[in-house]
Amino acid sequence: MAIEQTLVLVKPDGLKKSLTGNILSRLSEARLEIAGTKMVRVSRQLAEEHYEALKGKPFFEELISYIMGDFHQRRKVMALVYHGEDTITKMRRICGATNPEEAESQTIRGAYGRITTSGIYENVVHSSANAEEAEREIKLWFAPDEVVYQIFPVKVVEMNIKKLVWS
Ligand code: TYD
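As the structure is a prediction and not an experimental result, all values here were calculated from the model. (Residues numbered from 1 in each chain as written. Predicted model: local features only at pLDDT ≥ 70, side-chain atom pairs only at ≥ 80, totals over all residues. Heavy atoms only, no water.)

What follows covers the overall build of the protein. Within the protein, the secondary structure is distributed over seven helices and six strands. From first element to last, N terminus to C terminus, the protein shows the α and β order β-α-α-β-α-α-β-α-α-β-β-β-α. For 167 residues, the compact-globule formula gives about 15 Å, and the C-alpha radius of gyration of the protein, at 16 Å, lands near that figure. Taken over 167 residues, the protein has a buried fraction of 44%. Of the contacts made within the protein by residues no fewer than 6 positions apart, 74% connect residues no fewer than 24 positions apart. Summed over its atoms, the accessible surface of the protein is roughly 10,000 Å², and 51% of this surface lies on carbon and sulfur atoms. With 23 positive and 23 negative side-chain charges, the protein shows a spacing of 6 Å between the two charge centroids. (Helix = DSSP H or I, 4+ residues; strand = E, 2+ residues; numbered from the N terminus. Rg over C-alpha atoms; globule rule 2.2 N^0.38 Å. Buried < 20%, exposed > 50% of the residue type's maximum accessible area, 1.4 Å probe, protein only. Contact = heavy atoms within 4.5 Å. Areas by Shrake-Rupley, 256 points an atom, 1.4 Å probe, with all protein chains shown as cover. Lys, Arg positive; Asp, Glu negative; His and termini not counted. Charge placed at Lys NZ, Arg CZ, Asp CG, Glu CD.)

Structure (structure tokens):
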């Protein structure tokens, strides 16, 4: 079995429903390591890049609003990188099927997800679909120094930038 990493998001409905503890407990059953975590204010650009493969779907605009927190008065998500053996499959299994009504009841989405009256899947968590997507998503959400292992090759670049620091 391969050592892999995956991106998990606790979506705004998960945060609003105070499910973070429950979700992390469920995910910990896979005995994987958390290699990085942070709270993220999701910009439209980040949301659209994350879901770029779904551009053109009838639910795309609502999906972007959902992940940005428009429906839950929570302009943030919790992003995590998990690392370990067969991580992608293990995490997808614990999260459950995309459609919360089809997800098995012992999965996170089966237990806590819902379909809204307007048809949006509020399925509480995201977990990368495959290794290629996981790499793309982790690189989108995390900088190399926000992950405790060097999971992908890095390079040093010199930049002259303005940066926010504590005053
Ligand atoms: P997708 O990448 O197909 O599934 P997953 O999150 O399981 O990898 O879809 C991304 C999100 O889009 C999904 O978590 C919920 C939302 N979605 C809908 O709201 N309606 C739909 O019919 C589908 C397929 C997805």
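Turning to a nonpolar patch on the surface, a few remarks are in order. On the surface, Val157, Met159 and Ile161 cluster together to form a nonpolar patch covering roughly 320 Å² of accessible area. Within the secondary structure layout, Ile161 lies in the segment after α7 (131–141). (Patch = residues over 30% accessible without salt bridge, like charges linked within 9 Å, V, L, I, M, F, W, Y side chains within 5 Å. Salt bridge = Lys/Arg side-chain N within 4 Å of Asp/Glu carboxyl O.)

The next point concerns the site of the ligand. In the vicinity of the ligand, the residues found are Lys11, Tyr51, Leu54, Phe59, Leu63, Arg92, Thr98, Arg109, Tyr121 and Asn123. Between the ligand and Arg92 there is a distance of 2.8 Å, counted from an oxygen atom to a side-chain nitrogen or oxygen. Separating an oxygen atom of the ligand from a side-chain N or O atom of Thr98 is a distance of 2.5 Å. Considering the ligand on its own, with 500 Å² of exposed area, one finds that the protein chains cover 77% of that surface. Judged by its atoms lying within 2 Å of the grid points, the ligand is housed in the largest pocket. Taken together, the residues that form the shell around the ligand break down as five nonpolar, two polar and three charged. (Near = heavy atom within 4 Å. Polar contact = N/O pair within 3.5 Å; in protein donor to acceptor, adjacent residues only side chain to side chain. 1 Å grid on protein atoms, 1.4 Å probe; cavity = no way out; pocket = protein on both sides within 12 Å on 5 of 7 lines; lining within 4 Å. Sits in = over half its atoms within 2 Å of the grid points. Nonpolar A, V, L, I, M, F, W, Y, C, P; charged D, E, K, R; others polar.)

Below, the discussion takes up the pattern of salt bridges. The full count for this structure, using the stated rule, is nine salt bridges. Of the charged contacts in the structure, one is a salt bridge between Glu48 and Lys55, with a shortest N-O distance of 3.9 Å. Among the salt bridges present, the one from Glu135 reaches Lys139, with a minimum N-O distance of 2.5 Å. Here Glu135 and its partner Lys139 are both found in helix α7, four residues apart, which amounts to about one turn of the helix. For Glu135, a relative accessible area of 32% gives the class partly exposed.

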